[in-house]
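Architecture at a glance
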Amino acid sequence: MQFAMNSSDNDQILNTVTNREYQYGFVTDIETETIPKGLNEDVIRLISLKKQEPAFMLDFRLRAFRQWQKMTMPRWAHLKFPDIDFQDIIYYAAPKARPSLASMDEVDPELRRTFDKLGIPLEEQKHLAGVAVDAVMDSVSVKTTFKEELYKQGIIFSSFSDAVKEHPDLVQQYLGSVVPVGDNFFAALNAAVFSDGSFCYIPKGVRCPMELSTYFRINAAQTGQFERTLLIADEGAYVSYLEGCTAPQRDENQLHAAVVELVAMKNAEIKYSTVQNWYPGDKDGKGGIYNFVTKRGICKGDYSKISWTQVETGSAVTWKYPGTILRGDNSASEFYSVALTNNHQQADTGTKMIHIGKNTRSRIVSKGISAGKSQNSYRGLVRILKGADNARNFSQCDSLLLSDTCGAHTFPYIMNDNPSAILEHEATTSRIGEDQIFYCNQRGISTEDAVGLIVNGYAREVINQLPMEFAVEAQKLLQISLEGSVG
Amino acid sequence: MAHPDPLIQKYLESLSGMFADEDVRASVLSEILARPEDVVAYRERYKYTRIWEDFSDEYFALAEAESRVSAPRKQVLAGKIYSTAHPAPGASDILAEALTRTDLGQGAEAGPLAELLERHPDMLEAYCSFPESGKDVFADLNRAFATPGIGIYIPQGVRMQQIIRVVRAAGQGEMMRSFVYLGDGSESTLWWEERPEGSLANNVCHAFLGKDARAEWTQTFCSGAQTLFIHHNYVRQLTGSRMQHHVFNVGGRSVRLNHNVSLSGPVASHESHGLCYIGDASVSDVDIRMEHTASDCTSNQLYKQIADGNSLGIFTGRILIPKDSQRTLAYQKSNNIQLDPRSMIRTRPQLEIYADDVKCSHGATVGQLDSEALFYLRSRGIGLQEARRLLLGAFAGEVFNDMEHPALNAAIRQYVGNHVLLLEDIQ
Amino acid sequence: MLSIKDLHASIKDTPILRGVNLDVRPGEVHAIMGPNGSGKSTLASVLTGRDVFDVTAGEVTYRGTNLLEMSPEDRARAGIFLSFQYPVEIPGVSMANFMRLSVNETRKYRGLPPLSPAEFLKKMREQASLVELDQKLVSRSVNEGFSGGEKKRNEIFQMAMLEPLLSILDETDSGLDIDALRVVAQGVNALRSPERATVVITHYQRLLDYIVPDYVHVLYQGRIVRSGDKSLALELEARGYDWLKPENNG
């Protein structure tokens with residue numbers, strides 16, 4: 001699906017851009033229930049108890065925790081950050097709420113105002129037509145809209161906690177099937193302590209009639225956010241799914257370690273889009289979210305397809321490689337990414353495409369934009385296994401440099417064990433063209449706006465992969481994130 | 001002239017004795033072993049070379065033992081030096097054994113490194129200007145056990161017309177350090193041929209190009225069926241200098257080349273082209289580090305691998321552009337062809353860019369010979385084997401495009417064709 | 001010379017040719033016409049041995065031998081030439097080297113000695129001038145950087161070099177302006193002789209004004225649905241292909 005932006009969209013974007021600061025940096029004053037800092041088996045049992053989980057969940061968590069204890073934090077990425085004291089983090093924080101929410105009226109008004117302010121109204125009638133939202137604040141899901149309507153078609157869209165209660169068989173079958181508990185340090189940590197997230201199941205042959213989305217919000221101080229998303233598209237199903245993230249402005253660094261698992265059965269298609277705008281820290285690099293995320297999909301059935309699109313503008317540190325295991329024959333995957341870093345942000349992001357089935361295809365388009373004193377790395381792996389006859393990959397990763405104090409790095413690895421594969425990789429690194437900026441200046445456009453225009457043009461190929469409303473959002477975000485980078 | 005690295009200084013002091021001092025060895029080994037985190041990094045760097053099969057965890061001890069038994073070390077410096085206008089793979093016009101210092105005319109000399117360093121203070125000064133990286137376990141081992149190898153000295157302003165050719169057959173467990181020195185404004189064409197035998201050779205070769213010097217340096221590797229051959233180049237180029245480097249790996253069970261280049265003065269340029277034919281049961285592992293230490297420099301990497309039989313070909317290409325290295329041009333291309341279903345290819349470009357006024361591009365392709373081109377040739381009556389040879393010849397030919405010395409170009413084509421039947425017909 | 005009987009061929013299980021019958025005798029010129037997707041190019045590919053197509057039934061005899069069992073290069077050496085619709089670019093392989101190999105391999109197959117370099121170069125010059133192919137192109141890599149028209153001339157130049165017995169021209173006229181078309185047709189006509197045959201695959205009858213066919217066949221949905229003389233081509237030009245449909249279906 002492609003949406004072209006017309007010029008009035010561009011105008012609108014330019015007009016809207018007046019805010020120089022991170023605009024989602026406010027804190028919601030709401031009564032929060034937290035548990036004490038620190039991590040041990042008792043804390044994990046407490047989380048499981050609070051969530052009234054069945055035994056398999058506690059078992060899953062404990063297995064993960066025991067593996068995690070033996071692991072060390074990965075340091076191979078092109079990122080500099082201090083050691084994290086995992087005993088100095090609160091692993092569970094939830095807005096205090098009435099025992100059960102029967103209707104929208106029962107949602108805490110303060111909470112509703114928070115999501116309104118973020119542009120995510122929780123009332124279905126007010127919301128963007130055709131988008132169902134699961135809103136997650138700190139450790140719990142606050143509200144899932146359109147849940148009942150979707151269920152009429154057999155689509156299960158709910159918070160992870162509800163899914164554990166209502167569909168334990170499905171959860172048990174797929175949880176950890178794509179990202180095993182011991183996959184990596186942060187995935188293991190997540191598996192041990194995750195508190196909520198979204199769950200989605202699209203039954204055989206159903207095309208999900210609306211965009212599904214999850215909105216993640218960190219609010220409480222000194223808390224880590226560990227959510228988990230599990231999305232299953234059964235045979236012939238289709239779903240487009242979006243996630244957005246923001247957090248308040250704080251001087252401390254907060255940890256976010258999420259896991260996303262996607263399963264696409266035969267002929268199924270999943271489009272997974274992310275607009276990541278966690279608090280990036282201030283101009284001097286103080287504060288901001290440490291974002292360590294494991295996202296992986298499996299094209300389990302023949303002719304299945306998974307598309308990843310990500311627009312990454314937030315977080316102080318990003319460590320994230322959404323990948324696809326192409327197991328089914330003739331399965332396909334795409335990865336489209338824009339990663340913009342400014343000030344002292346650091347991003348090490350890219351993708352992994354693991355080709356196992358025959359005639360599998362993958363395509364990677366990555367656009368890195370570095371400004372200020374930031375460091376931006378693309379890291380990718382294309383792996384073709386022995387049995388993956390006639391696999392194809394095309395990768396393009398470009399880097400744009402906007403200052404002489406930033407860094408742009410590229411680490412694209414190819415590992416091929418099957419000579420019938422055809423793999424191509426192209427990449428360029430260059431700075432923004434002075435002649436382009438001058439041309440804009442000469443037409444009366446300020447340098448800052450010109451840079452915004454040029455960057456948006458540069459990112460167009462990726463932005464166009466996003467559903468319409470989010471594409472506009474993403475363009476605005478790019479513009480805002482660049483504020484103050486020219487000068 | 002004191003070397004900044006005390007280990008190298010001790011090594012230099014011990015040159016006259018030919019052996020690296022026992023104390024030097026002990027301190028380097030303890031230094032390596034004191035950095036367990038580096039050992040992890042070493043392993044990462046050598047991850048695909050089948051080195052760990054040979055060394056496993058006791059590789060230090062093994063390497064040490066090996067270096068002890070390979071006495072007498074004086075005989076290690078087996079090699080021949082030629083100076084010729086028309087090199088040929090089987091040339092007979094031997095100029096000298098490398099053990100003897102040889103006058104190449106116009107004040108240029110070749111011979112034992114220790115002797116040359118003593119005779120030429122400018123050469124010694126240049127040698128001391130190389131920072132020791134300390135980030136490579138095998139380079140460190142070489143540092144510990146090094147014996148002086150061949151030196152080549154081209155004085156300032158001298159333009160060598162003849163091609164200098166070095167032919168070496170490395171001995172068992174050899175760890176040799178050689179040095180090629182080109183003074184300011186000098187020019188030289190060099191063919192350095194390595195034919196290591198025995199189970200391990202781990203050599204370092206330094207090359208220094210003074211201001212505006214020009215070097216055309218071709219290395220050919222053809223190692224024995226049992227040899228693990230590791231070769232490290234450290235190239236340092238000053239302002240306006242230019243090097244055309246070519247490397248051809250035409251055989252050997254396990255060949256690892258570390259080609260480290262530092263463009264230390266502005267407007268220097270370095271072209272590094274390589275062609276590796278990796279036969280059955282072989283590994284070729286090429287690791288390039290191109291450091292643009294100064295501004296306005298240009299580098300270009302073009303590496304081609306042909307993997308046949310049950311083989312593994314690895315290309316790692318790092319480009320580092322620090323903050324102040326503005327107006328840098330850096331290009332890299334890795335093209336790979338797999339001829340056999342059992343063959344494997346790994347490419348790992350690594351670009352680290354901290355300056356903004358740069359133009360960098362890199363590209364990689366992995367695949368088979370183009371089936372459409374094969375069919376086109378066959379439809380014109382050219383047999384399948386012949387068509388494959390033609391296409392491989394065309395694939396390989398690009399590597400020769402920048403080899404400017406016509407006699408050298410022809411000789412190397414012949415050399416490669418003699419070793420690899422499929423490459424008899426390089427175009 | 002060439003006898004095709006009930007030829008069926010498919011690509012990845014999709015049938016393209018569904019029973020083609022055709023006889024070509026020495027000295028004849030056959031034109032095969034038909035709409036897009038009717039299987040014209042597939043027929044040319046199958047006759048020259050492109051392995052992406054599977055022959056599922058039928059037989060093809062060329063000068064008394066089973067053509068389908070021959071390798072692509074042996075078919076070429078035995079005198080079958082295909083002028084490709086889309087000639088592939090082969091960077092790094094020079095035209096001269098390529099043609100020398102091709103000519104000498106073909107000569108070897110026919111029991112002739114290889115041409116000496118001088119003889120070969122002389123022949124190259126002569127034949128290149130026949131199709132007005134710029135000498136400079138001959139010194140370049142095969143088809144690399146050639147314009148569409150130059151590529152087509154290059155095909156006819158190769159045909160002249162190899163002196164085939166059966167030439168198959170696959171859409172050689174597509175993308176050519178009228179001058180280029182005339183030059184290409186001149187090259188083809190210069191090679192006409194009682195021993196040689198030509199199969200012209202084309203969309204339009206335009207080329208047939210220059211290369212006059214003895215027979216015209218219409219290929220439709222993988223079968224030859226109608227054969228006639230040159231007037232059939234004119235009829236197709238006037239009426240298109242649609243009028244053939246009901247006939248085919250019935």
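Residues numbered from 1 in each chain as written. Chains lettered and ligands numbered in written order. Predicted model: local features only at pLDDT ≥ 70, side-chain atom pairs only at ≥ 80, totals over all residues. Heavy atoms only, no water.

1. A short note on the overall build of chain C
Counting secondary structure elements, chain C contains nine helices and twelve strands. Computed over C-alpha atoms, the radius of gyration of chain C comes to 18 Å, within 12% of the 18 Å expected from 2.2 N^0.38 for 250 residues, which places it in the range of a compact globule. Principal-axis analysis of the C-alpha atoms gives chain C an extent of 60 × 40 × 35 Å. Every one of the 250 residues in chain C was classed for burial, and the buried ones make up 54%. Of the contacts made within chain C by residues no fewer than 6 positions apart, 70% connect residues no fewer than 24 positions apart. Carbon and sulfur atoms provide 49% of the accessible area of chain C, an area that totals close to 10,900 Å². Each charge sign in chain C was given a centre, from 30 positive and 33 negative side chains, and these centres are 2 Å apart. (Helix = DSSP H or I, 4+ residues; strand = E, 2+ residues; numbered from the N terminus. Rg over C-alpha atoms; globule rule 2.2 N^0.38 Å. Buried < 20%, exposed > 50% of the residue type's maximum accessible area, 1.4 Å probe, protein only. Contact = heavy atoms within 4.5 Å. Areas by Shrake-Rupley, 256 points an atom, 1.4 Å probe, with all protein chains shown as cover. Lys, Arg positive; Asp, Glu negative; His and termini not counted. Charge placed at Lys NZ, Arg CZ, Asp CG, Glu CD.)

2. Quick look at the interface of chain C and chain B
Listed as interface residues are 30 residues of chain C and, on the opposing side, 20 residues of chain B. Each partner contributes to the roughly 2,000 Å² buried at the junction of chain C and chain B, and carbon and sulfur atoms together form 62% of this total. The salt bridge partner of Glu155(C) is Arg380(B), with a shortest N-O separation of 2.7 Å. Across the contact surface, chain C and chain B share ten residue pairs in polar contact (both at pLDDT 80 or more). Counting only elements with at least two residues in the side of chain C that touches chain B, the list comes to helix 2 (72-77), strand 6 (80-83), strand 7 (90-94), helix 3 (95-109) and helix 6 (148-162) of chain C. Looking at the side of chain C that touches chain B element by element, the count peaks at six residues for helix 3 of chain C. Taken together, the residues that form the side of chain C that touches chain B break down as 15 nonpolar, ten polar and five charged. (Buried area = accessible area lost by both parts, 1.4 Å probe. Salt bridge = Lys/Arg side-chain N within 4 Å of Asp/Glu carboxyl O. Polar contact = N/O pair within 3.5 Å; in protein donor to acceptor, adjacent residues only side chain to side chain. Nonpolar A, V, L, I, M, F, W, Y, C, P; charged D, E, K, R; others polar.)

3. Points about the environment of Trp217(B)
Residue and element names in this part refer to chain B. Among the structural elements, Trp217 can be located in strand 10 (residues 214-222). Classification of Trp217 by relative accessible area gives buried; the value is 2%. Counting along the chain gives 53 residues from Trp217 to Ile164, while the straight-line C-alpha distance between them is 9.7 Å. Discounting chain neighbours no more than four positions away, the residues touching Trp217 are Leu190, Trp192, Cys205, Ala207, Asn233, Val235, Met243, Gln244, His245 and His246.

4. Digging into the interface of chain A and chain B
With 34 residues of chain A at the interface, the matching set in chain B holds 33 residues. Counting across the chain A and chain B interface gives three salt bridges. The residue Arg346(B) makes a salt bridge to Asp417(A) at a minimum N-O spacing of 2.9 Å. The tally of links between chain A and chain B comes to 15 residue pairs in polar contact (both at pLDDT 80 or more). Counting only elements with at least two residues in the side of chain A that touches chain B, the list comes to strand 20 (375-384), strand 22 (407-416) and strand 23 (422-431) of chain A. Taken together, the residues of the side of chain A that touches chain B break down into 13 nonpolar, 14 polar and seven charged. Where strand 22 of chain A lies against strand 19 (residues 344-353) of chain B, six bridges are found, and the strand directions are antiparallel. Looking at strand 19 of chain B, one finds that Asn416(A) is bridged to Ile345(B). (Pairing = 2+ DSSP bridges.)

5. Section: the sheet that holds strand 4 (residues 54-62) of chain C
Residues and elements named next belong to chain C. Read across the sheet, four strands follow the order 2-1-4-5 without closing on themselves; strand pairing throughout is antiparallel. Sheet topology places strand 2 (14-24) and strand 5 (65-66) at the edges, where each strand pairs with a single neighbour. On top of the sheet, helix 1 (residues 40-48) reaches strand 1 (2-11), strand 2 and strand 4; it is set at about 110° to strand 1, its chief contact. (Axes fitted to C-alpha atoms, helices over the stretch in contact; angles between N-to-C directions.)

6. Here's the deal with the confidence of the model for chain A
Low-pLDDT portions of the prediction should not be read for the details of their coordinates. Residues and elements named next belong to chain A. In the predicted model, chain A carries a mean pLDDT of 82, and 80% of its residues have values of at least 70. Of all secondary-structure elements in chain A, the lowest mean pLDDT belongs to helix 1 (residues 7-16), at 35, while strand 11 (residues 259-264) reaches the highest, 96. Throughout residues 1-20 the model reports pLDDT below 50, and contacts reaching past four residues in sequence, or to other chains, amount to 29 contacts. Taken as a whole, residues 98-102 scores under 50 in pLDDT and shows five contacts with residues more than four places along the chain or in a different chain. (pLDDT = per-residue confidence, 0-100.)

7. Observations concerning helix 10 (residues 447-463) of chain A
All names here are of chain A. End to end, helix 10 covers 22 Å across 17 residues, agreeing with the expected 24 Å (1.5 Å per residue, within 8%). Of all the bends in helix 10, the greatest measures close to 35° and is centred on Gly457. Turning to helix 10, its buried residues are Ala450, Val451, Gly452, Ile454, Val455, Asn456, Tyr458, Ala459, Val462 and Ile463. (Expected span 1.5 Å × (residues − 1). Bend = angle between axes of the 7 residues up to and from the residue.)

8. As for the sheet that holds strand 9 (residues 166-170) of chain C
The strands that make up a sheet are held in pairs by hydrogen bonds between backbone atoms, and each pair lies either parallel or antiparallel. Residues and elements named next belong to chain C. Overall, mixed pairing links the six strands, which are arranged 6-9-10-3-11-12 in an open sheet. Strands at the two margins of the open sheet, each flanked by one partner only, are strand 6 and strand 12 (223-228). Ignoring which end each strand starts from, the neighbouring axes of this sheet average 20° apart. One ladder, built from five bridges, connects strand 11 (residues 215-220) with strand 12; its direction is antiparallel. Considered in strand 12, the bridge of Leu219 is made with Ile224.

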